[in-house]
Amino acid sequence: MPVFKAPFNGYSVKFSPFYESRLAVATAQNFGILGNGKIHVLELSPGPPGVAESVSFDTSDAVYDVCWSESHDSVLVAALGDGSVKIYDTALPPPSNPIRSFQEHAREVHSADYNPTRRDSFLTASWDDTVKLWAMDRPASVRTFKEHAYCVYQAVWNPKHGDVFASASGDCTLRIWDVREPGSTMIIPGHDFEILSCDWNKYDDCVLATSSVDKTIKVWDVRSYRAPLAVLNGHGYAVRKVKFSPHRRSLIASCSYDMSVCLWDYMVEDALVGRYDHHTEFAVGIDMSVLVEGLMASTGWDELVYVWQQGMDPRAS
């Protein structure tokens, strides 16, 4: 399966919602602590080497996350370590990019998520404890959501309701928001340690998963959240990212500081259904293709991006 070697440490990988062979990778120099960043746009191909860079964009600070626009096939949003949010048009040459830059967050921007239903807005989550809502046609953020007491590591839109999103924070809470309401509509004290990631089930808009420093993944139903639907144990260290499958209701992918990528079926007793140990450093980015069932990608601090089909060895050529 294809492997891409980046010059910097990988942080995030995202498949294009328009082209089944395209993905974007966010990277950072010196493990994201100090130095530059780089965004790579990769194209998969049937013959060797299987993956090649089509364009890349240099940044003056770490890039912690990227997300593709849901309305323009060449546009992506980047979350940077200097607190900026930048918009790139991959159809334009690097000197013409970024096409927009916003400088509002007071600290590192850790995640970006494009609205999949409205397709005109996106969220950013930051270590300044806030989430911001942005619209492509607005010169500044539309709204700032300030309730979390510590870093917000991720904010993700509900896949069916264009006004609803969830946020995961180092304050150990998961919050549910409706942009039409003045404050959060639900607070779930999900873990006893920092919550690093969250994602919605793509087939049940009331179910979502969280991952934490406590090494667990928990699955929640917002209709009855006093106890989780499932607690998934199997990672040896903090679970950095969690992602629901776009094709199978109960399938979850995760990656961890234990360097592994895991697949889970939270509806069965032996929930761990796949484990991949291809990374040799912290595995911090994971995605599953919307367009090709079973196609996965991961990246980590070993500067590698792997793309593979579920059930296959990512290291196999």
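- The protein has the name Peroxin-7 in an unreviewed UniProt entry, where Brassica carinata is given as its organism.
- The UniProt entry for the protein carries this comment under Sequence similarities (unreviewed entry): "Belongs to the WD repeat peroxin-7 family."

## A look at the pattern of salt bridges
Piece 1. Evaluation of the coordinates by the stated rule reveals 17 salt bridges.
Piece 2. The salt bridge partner of Glu108 is Arg107, with a shortest N-O separation of 3.4 Å.
Piece 3. Given a relative accessible area of 18%, Glu108 falls into the buried group.
Piece 4. The class of Arg107 is partly exposed, set by a relative accessible area of 39%.
Piece 5. A salt bridge links Arg275 to Asp258; the shortest N-O distance between them is 3.9 Å. Here Arg275, found in strand E25 (residues 272-276), pairs with Asp258, found in the loop between strand E23 (251-256) and strand E24 (261-265); they are 17 residues apart in sequence, far enough to count as distant.
Piece 6. A cluster of three or more residues bridged by salt bridges with shared partners is formed by Arg118, Asp163, Asp178 and Arg180.

## As for the nonpolar core
Piece 1. Ranked by internal contacts, the top residues of the largest apolar core, which has 15 residues, are Ala166, Leu174, Ile176, Cys198, Trp200, Leu208 and Val222.
Piece 2. Listed by contribution, the elements that provide at least two residues to this core are strand E15 (164-169), strand E16 (174-178), strand E17 (186-188) and strand E18 (195-200).
Piece 3. Look past the residues within four positions of Leu208 in its chain and what remains in contact with it is Ala166, Leu174, Ile176, Asp199, Trp200, Asn201, Lys218, Val219, Trp220, Val222 and Phe244.
Piece 4. Among the nonpolar cores identified, the runner-up in size contains 14 residues, and Ala209, Val239, Val242 and Ile252 belong to it.

## Quick look at the sheet that holds E15
Piece 1. Taken in spatial order, the four strands of this open sheet run E14-E15-E16-E17, and their pairing is antiparallel. Unpaired on one side and paired on the other, strand E14 (152-157) and E17 mark the two borders of the sheet. On average, adjacent strands in this sheet sit at an angle of 20° to one another, irrespective of strand direction.
Piece 2. Here E16 runs beside E17; their pairing, made up of three bridges, is antiparallel. The residue bridging Leu174 from the neighbouring strand is Ile188, located in E17.

## A closer look at the UniProt feature "repeat: WD" (unreviewed entry) in the protein
Piece 1. The positions UniProt marks with the feature "repeat: WD" (unreviewed entry) are residues 102-144, 145-187, 188-230 and 232-265.
Piece 2. Secondary structure over residues 102-144 splits into 0% helix and 51% strand, and the C-alpha atoms at its two ends are 14 Å apart.
Piece 3. Annotated as residues 232-265, this span is 0% helix and 53% strand, and its ends, taken at the C-alpha atoms, are 9 Å apart.

## Notes on the UniProt feature "domain: EIPR1-like beta-propeller" (unreviewed entry) in the protein
Piece 1. What UniProt calls "domain: EIPR1-like beta-propeller" (unreviewed entry) maps, in this numbering, to residues 151-264.
Piece 2. Annotation note: span residues 151-264, helix share 0%, strand share 49%, distance between end C-alpha atoms 27 Å.

## Considering the pairing of E25
In summary, the side chains of a regular strand alternate between the two faces of the sheet.
Piece 1. In terms of strand pairing, E24 meets E25 through four bridges, oriented antiparallel. Within E25, the residue paired with Leu263 across the bridge is Gly274.
Piece 2. Linking E24 to E25, which pair antiparallel, is a turn of six residues.

## Observations concerning the layout of surface pockets
Piece 1. In this model, the largest pocket occupies a volume close to 740 Å³.
Piece 2. Taken together, 33 residues line the largest pocket, and the ones lying closest to its centre are Glu70, Asp113, Lys202, Lys243 and Val290.
Piece 3. Only strand E2 (9-15), strand E6 (63-68), strand E10 (109-114), E14, E18, strand E22 (239-244) and strand E26 (283-288) provide two or more residues apiece to the lining of the largest pocket.
Piece 4. A volume near 160 Å³ is recorded for the second largest pocket.
Piece 5. As for the second largest pocket, its lining consists of Tyr11, Phe31, Gly32, Ile33, Tyr64, His110, Trp127, Tyr153, Leu196, Arg240, Tyr257 and Trp301.
Piece 6. For the lining of the second largest pocket, a count of residues per class yields nine nonpolar, two polar and one charged.

## Description of the sheet that holds strand E20 (residues 217-221)
Piece 1. Strand order in this open sheet of four strands is E18-E19-E20-E21, and the pairing throughout is antiparallel. Sheet topology places E18 and strand E21 (230-232) at the edges, where each strand pairs with a single neighbour. Sheet twist, expressed as the average angle between the axes of neighbouring strands with direction ignored, equals 20°.
Piece 2. In this structure, E18 lies alongside strand E19 (residues 207-212), joined through five bridges in antiparallel fashion. Across the sheet, the residue bridging to Trp200 is Leu208, located in E19.

Cut-off values and rules
- Residues numbered from 1 in each chain as written.
- Predicted model: local features only at pLDDT ≥ 70, side-chain atom pairs only at ≥ 80, totals over all residues.
- Heavy atoms only, no water.
- UniProt positions renumbered as here; feature names shortened; annotations may be inferred.
- Salt bridge = Lys/Arg side-chain N within 4 Å of Asp/Glu carboxyl O.
- Buried < 20%, exposed > 50% of the residue type's maximum accessible area, 1.4 Å probe, protein only.
- Helix = DSSP H or I, 4+ residues; strand = E, 2+ residues; numbered from the N terminus.
- Core = buried A, V, L, I, M, F, W, Y, C linked by side-chain atoms within 4.5 Å.
- Contact = heavy atoms within 4.5 Å.
- Pairing = 2+ DSSP bridges.
- Axes fitted to C-alpha atoms, helices over the stretch in contact; angles between N-to-C directions.
- 1 Å grid on protein atoms, 1.4 Å probe; cavity = no way out; pocket = protein on both sides within 12 Å on 5 of 7 lines; lining within 4 Å.
- Points joined across faces, edges and corners; volume = space filled by probe spheres on them.
- Nonpolar A, V, L, I, M, F, W, Y, C, P; charged D, E, K, R; others polar.

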